[in-house]
Amino acid sequence: MPTRPAPGLCVTVYSGGGLVSGTAESRAILAALAPPVVMLHGDTSVLRECAAMVRADVPGVRLWAGVGIDALATSATTGRMTPDAVVEEFVRRAQNALATGCELVVWDAEEQWKTGANAHDPHGILPALARRALLAVAARVPIAQGFTSYGVVTEHSTFPWEAFVGEGSPVVVHLPQQYAVMPDPHQRAEVADVIARAQWSDRSLAAFVASGRIRADLGPGGAGFGRYLIAYRCATDGLVMVARAAPAAPYVAFWAAPSLPHGRMDSEGYAAILALLRGTPAQSASAMPAVVAGGIVGAVAL
């Protein structure tokens, strides 16, 4: 099994307009931040083009590939793909990540992988398929595997946690999504909201570690544990405090450049990342580079 990547802060690139355009729109932000790790989340067939842009702007950067796999679960449960074909698609995507020089492929699985009578997988075929796919990647592609999904795991008990992050899984990095998203999507999460969300997630994860559903090294305090935070509509100080909170997380990732309308990063999220990278107190007024239709422009506060 490939070794666990070195700890570090990661900025994810994702765009509803596609990974190539999202990476292009993120170039000024990434160049200004110069994070040690960038995760390119999207279509693995365009990773080479996107990686070239990131490497040009952030020399020495380490790359991760973020890969959504809910559509594969749907294809399996509806019969559009055979289990063998799903496994081969996992392998293909991991091979694309490896060929691009990524050190980690992070599988992103959510609603479509749930099992049970009221879920998308009433016959319970997905847990075994998930584990089979992960083991196939481990056997055939020399790349470390990571995983991201819900942050409050006890609220999603029908999700196959054991298959992805339980004993025997080849996953070595777990990035639960501790997003402080408020009920009103237009409402900003204050410092207390950001902290409360992370604490709720930590308690939830610890409960599943205690019950054996999640491996200890992938839970709070573990060597493979990370916090996945959202760099959007959250108080800067709250994000910094959670990222630095005990138990220390070897990995901290932020979702996601570019800035609006295609990404999910605003000036407060940018300021939090900058403070963490520089080891300084948060400064909410930090200006964030932005892009417009005509190209890269100067700093703007969003």
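Our subject is the structure listed above.
Being a predicted model, the structure only gives us computed values, none of them experimental.

Student: If you had to explain the packing of helix α7 (residues 191-210) against helix α8 (residues 236-243) to someone new, which residues and values would you point to?
Tutor: With their axes 7 Å apart at the nearest point, α7 and α8 run at an angle of 30° to one another. On the basis of the axis angle, α7 is roughly parallel to α8. By crossing handedness, the relation of α7 to α8 is classed as right-handed. Along the contact surface, α7 presents V191, V194, I195 and A198, while α8 presents D237, G238, L239, M241 and V242. Among the residues forming the contact of α7 with α8, the class breakdown is seven nonpolar, one polar and one charged.

Student: Please set out the side chain of S149 residue by residue, giving values where relevant.
Tutor: Tracing the chain through its elements places S149 in the loop between β5 (144-148) and α6 (161-165). Look at S149 and you get buried, because its relative accessible area is 0%. Side-chain polar atoms of S149 contact the backbone oxygen of A109, separated by 2.6 Å. Residues within four places of S149 in sequence aside, it is in contact with A109, E110, F159, W161, L175, P176 and Q177.

Student: Before we move on, can you summarise the sheet that holds strand β6 (residues 171-174) with the specific residues and values?
Tutor: The parallel open sheet is built from eight strands, whose spatial order is β6-β5-β4-β3-β2-β1-β8-β7. Pairing within the sheet leaves two strands with one partner each, and these edge strands are β6 and β7 (226-230). In this sheet, neighbouring strand axes are inclined to one another by 30° on average, regardless of whether the strands run parallel or antiparallel. In this sheet, β5 lies alongside strand β4 (residues 104-108) in parallel orientation, the contact comprising five bridges. The residue of β5 that forms the bridge with L104 is A144. Relative to β4, helix α4 (residues 83-99) is tilted by about 140°, and along the sheet it contacts β3 (62-68) and β4.

Rules behind the numbers
- Residues numbered from 1 in each chain as written.
- Predicted model: local features only at pLDDT ≥ 70, side-chain atom pairs only at ≥ 80, totals over all residues.
- Heavy atoms only, no water.
- Axes fitted to C-alpha atoms, helices over the stretch in contact; angles between N-to-C directions.
- Helix = DSSP H or I, 4+ residues; strand = E, 2+ residues; numbered from the N terminus.
- Parallel < 35°, antiparallel > 145°, perpendicular 65-115°, else oblique.
- Left-handed = near helix turned anticlockwise from the far one by under 90°.
- Contact = heavy atoms within 4.5 Å.
- Nonpolar A, V, L, I, M, F, W, Y, C, P; charged D, E, K, R; others polar.
- Buried < 20%, exposed > 50% of the residue type's maximum accessible area, 1.4 Å probe, protein only.
- Polar contact = N/O pair within 3.5 Å; in protein donor to acceptor, adjacent residues only side chain to side chain.
- Pairing = 2+ DSSP bridges.

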